[in-house]
Amino acid sequence: MEKLRFGIVGCGVIGPTHAEALQSLPQAELVAVADVIPEKAQKLADKFHATAYTDLQEMLDREQLDVVDVCTPSGMHGEHACQIMRSGRHVIIEKPMEIRKDRIEEILQVQRETGKKVAVISQHRFDEASQQVHQLIQEQALGRMVLGNAAIPWWRSQKYYDSGAWRGTWALDGGGILMNQSIHSIDILQWLMGRVKTIRAYTDTLVHKMETEDVAVAVLRFESGALGTISATTGAYPGATTRIEVFGDKGSAIIEDDRLGYLHLASQDSEEVGPYGGGRKKSDAAAAAAKSTASDPAALQASTHAQQIADMIRAIQEDGTPLVDGHSGRHPVEIILGIYEAASTGKEVTLS
Ligand SMILES: NC(=O)c1ccc[n+]([C@@H]2O[C@H](COP(=O)([O-])OP(=O)(O)OC[C@H]3O[C@@H](n4cnc5c(N)ncnc54)[C@H](O)[C@@H]3O)[C@@H](O)[C@H]2O)c1
C-alpha cells in the first residue's frame, strides 16, 4: 500500500513529536513542515529530510500532501484545520480541537462540505490502561457506574507560561490548567463515564502571573446519572500523580499516571465481599495488569501519538472513522467551557 504523505504546521514543542511518530510508521512519510518562525521550520525539516515553509497556504499549494497535522497554538486550530480541509487534505488536530464552540462547529461543517477526515489528538486513549478500563465498562464488568473522578495535581513554572506569548491567554490557550493540561484526563473521564449533563465549579489563579486559571474544581453529573469530580492545578509543586478513578457497583478501576493502579471486579471474587467492603489489596493492580488482554507488545513500543496517527491512517485507507474524530473531540471542550461558565456565574450549567 502506498505511503500517505504528511505535512506539519507548527514546529514548536509538539510538532517534533508528530515528526518522530510519523518516522516510526511505515505507512507514513513526512514531506513538508511549516512555521512562521523560519528557523523552527528549517530545524525540523533538516532533521526529518522534509521541505520547510513559513506559510501554511504556500505549503498546501506547492506540496502533494494527503494529511496535515495542526500543531499551532490552540486558538488557531479551527482556522488552520478548515484551511487544510478546503485544500483537499485530511487533518489531524492537536488537542484541544478548538477553544471556542463556534469554531468547532465550523470545523465540523467544513468536514461535511469537503468529505475529509478529522482526528483530534487525545493520545492517552491509546494507553493500555484506558483501553482496558473502557473495554470493561463497555462489557458492564463494573456494573452500574456511580462515580468518576479526575485529579490532575501538576506543576508548571512561571518560566513555562512565559515561554510563549500565547500560553495562559484566553485568546490563544483558551484557558489554563483545564483547557491546556487537564483536557487529556477530562477526555478519558468522559470516554469512560459517558457524556456530562450538569456542572458546578470554582476556578482561580493563585500561583502564576497569567490571565487564565491555574486551579479548578468541578462537580459533575453525567447523563447516566452518575456523579463525578475534576480537581486540577498547575500550582502543585513539584507535580504529583494524575488519577482517573471510576467506580461501579460491581467493580472499581484507578488509572495512575496512565497505568492501571487498581482494578477489582466482583466477577473475579470467589465470594462476595462483606457488608463493609473488601478494602484495597495491593496485589489487585498487579494481578489485573498480568491479566490484561488489551495488551499489544508491538504497539507498546511505539509512542501513543504514533498509535493515534496509525489509527487515522487506517481510517483513511479503509474509509472508516478514527477513534477520536471531530465529534469525539468536541465534548471535552464543551465540558471545560461549561466549567468556566459555572465558575464565573456561580450557577449550575446544563450542557445541551
Ligand atoms: N498532545 C499533547 O500531549 C500536547 C503536548 C503539547 C502541546 N500540545 C498542543 O499542541 C499545540 C502547540 O503547542 P506547543 O507546546 O507545541 O506550542 P509552541 O508554542 O511550542 O509551538 C507552536 C508553534 O506554532 C507556530 N505558529 C504560530 N502561528 C503559526 C502560523 N500561523 N503558521 C505556522 N506556524 C505557526 C509557532 O511559531 C510555534 O513554533 C497546542 O494546541 C497544545 O495544546 C499537545
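Residues numbered from 1 in each chain as written. Predicted model: local features only at pLDDT ≥ 70, side-chain atom pairs only at ≥ 80, totals over all residues.

A. Representation of the overall build of the protein in the model. When helices and strands are tallied, the protein shows 12 helices and 14 strands. Scaling as 2.2 N^0.38, a compact globule of 352 residues should have a C-alpha radius of gyration of about 20 Å, and the protein matches this with 21 Å. Each principal axis of the C-alpha atoms in the protein carries an extent, and together these give about 70 × 50 × 40 Å. Residues classed as buried in the protein amount to 48% of the 352 residues present. Expressed as a percentage of contacts within the protein between residues at least 6 apart in sequence, the contacts between residues at least 24 apart total 70%. (Helix = DSSP H or I, 4+ residues; strand = E, 2+ residues; numbered from the N terminus. Rg over C-alpha atoms; globule rule 2.2 N^0.38 Å. Buried ≥ 20, exposed ≤ 12 C-beta atoms within 10 Å, placed from the backbone. Contact = placed C-beta atoms within 7 Å.)

B. The UniProt feature "domain: Gfo/Idh/MocA-like oxidoreductase N-terminal" (unreviewed entry) in the protein, seen in detail. Per the UniProt record, "domain: Gfo/Idh/MocA-like oxidoreductase N-terminal" (unreviewed entry) is annotated on residues 4–120. The distance from the first to the last C-alpha atom of residues 4–120 is 18 Å, and the span holds 44% helix and 23% strand. (UniProt positions renumbered as here; feature names shortened; annotations may be inferred.)

C. Just the domain arrangement of the protein, in detail. Assigned domains of the protein: these are domain 1 (4–116) and domain 2 (128–295 + 335–350). With 7 residues of domain 1 in contact, the opposing surface of domain 2 contributes 10 residues. Residue classes in the side of domain 1 that touches domain 2 are distributed as 3 nonpolar, 2 polar and 2 charged. (Domains from an automatic or database assignment. Nonpolar A, V, L, I, M, F, W, Y, C, P; charged D, E, K, R; others polar.)

D. Here's a closer look at helix α11 (residues 304–318). The end-to-end C-alpha distance of α11 is 21 Å, a good match for the 21 Å that 15 residues give at a rise of 1.5 Å each. Residues Thr304, His305, Ala306, Gln307, Gln308, Ile309, Met312 and Ile313 constitute the buried set of α11. In the stretch just after α11, Asp319 is the one whose phi turns positive, near 50°. (Expected span 1.5 Å × (residues − 1).)

E. Examining the nonpolar core more closely. Core analysis: the largest hydrophobic core is formed by 94 residues, its most contacted members being Val91, Ile336 and Ile339. Here this core gets 10 residues from one element, more than from any other, and that element is helix α8 (residues 177–193). Here this core spans two domains, and each of domain 1 (4–116) and domain 2 (128–295 + 335–350) adds at least three residues to it. If we ignore the near neighbours within four places in the chain, the residues touching Ile339 are Leu178, Ile199, Ala201, Thr203, Ala216 and Ala218. (Core = buried A, V, L, I, M, F, W, Y, C linked by C-beta atoms within 7 Å.)

F. Layout of the environment of Arg167. By secondary structure assignment, the location of Arg167 is in the loop between α7 (158–162) and α8. According to the C-beta neighbour criterion, Arg167 is buried, with 20 such atoms within 10 Å. Setting aside residues no more than four positions away along its own chain, Arg167 makes contact with Tyr161 and Asp173.

G. Looking closely at the site of the ligand. Surrounding the ligand, one finds 24 residues, the nearest of these being Gly10, Gly12, Val13, Ile14 and Glu94. Its residues placed into classes, the shell around the ligand shows 12 nonpolar, 8 polar and 4 charged. (Near = placed C-beta within 6 Å.)

H. Molecular detail of unusual backbone geometry. At the junction of Lys95 and Pro96, the peptide bond is cis and its omega measures out at -15° in the coordinates. Among the structural elements, Pro96 can be located in the loop between β5 (90–93) and α5 (101–114). Although it is not a glycine, Gln140 sits at a positive phi angle of roughly 60°. Within the secondary structure, Gln140 sits in the loop between α6 (128–138) and β7 (145–153). Overall, the presence of 12 C-beta atoms within 10 Å leaves Gln140 in the exposed class. Unlike most non-glycine residues, Asp319 shows phi in positive territory, near 50°. Position of Asp319 among the secondary structure elements: in the loop between α11 and α12 (326–345). Look at Asp319 and you get exposed, because 7 C-beta atoms sit within 10 Å.

I. How the structure looks around the UniProt feature "domain: GFO/IDH/MocA-like oxidoreductase" (unreviewed entry) in the protein. The feature "domain: GFO/IDH/MocA-like oxidoreductase" (unreviewed entry), as annotated in UniProt, sits at residues 131–253 in this numbering. Secondary structure across residues 131–253 divides into 24% helix and 34% strand, with the first and last C-alpha atoms of the span separated by 12 Å.

J. Inspection of the environment of Val215 at higher detail. Tracing the chain through its elements places Val215 in strand β9 (residues 215–222). Between the C-alpha atom of Val215 and that of Met97, which follows or precedes it by 118 residues, the distance is 22 Å. Non-local contacts of Val215, meaning those with residues more than four positions away in its chain, are made with Ile177, Thr203, Asp204, Leu206, Thr233 and Gly235.

K. Quick look at the sheet that holds strand β1 (residues 4–9). The 6 strands are arranged β3-β2-β1-β4-β5-β6 in an open sheet whose pairing can be described as parallel. The open sheet has two edge strands with one neighbour each: β3 (51–53) and β6 (118–120). Strand-to-strand twist across the sheet, computed as the mean angle between neighbouring axes with direction ignored, equals 25°. Across the face of the sheet, α11 comes into contact with β1, β2 (28–34), β5 and β6 while running at roughly 160° to β5. (Pairing = 2+ DSSP bridges. Axes fitted to C-alpha atoms, helices over the stretch in contact; angles between N-to-C directions.)

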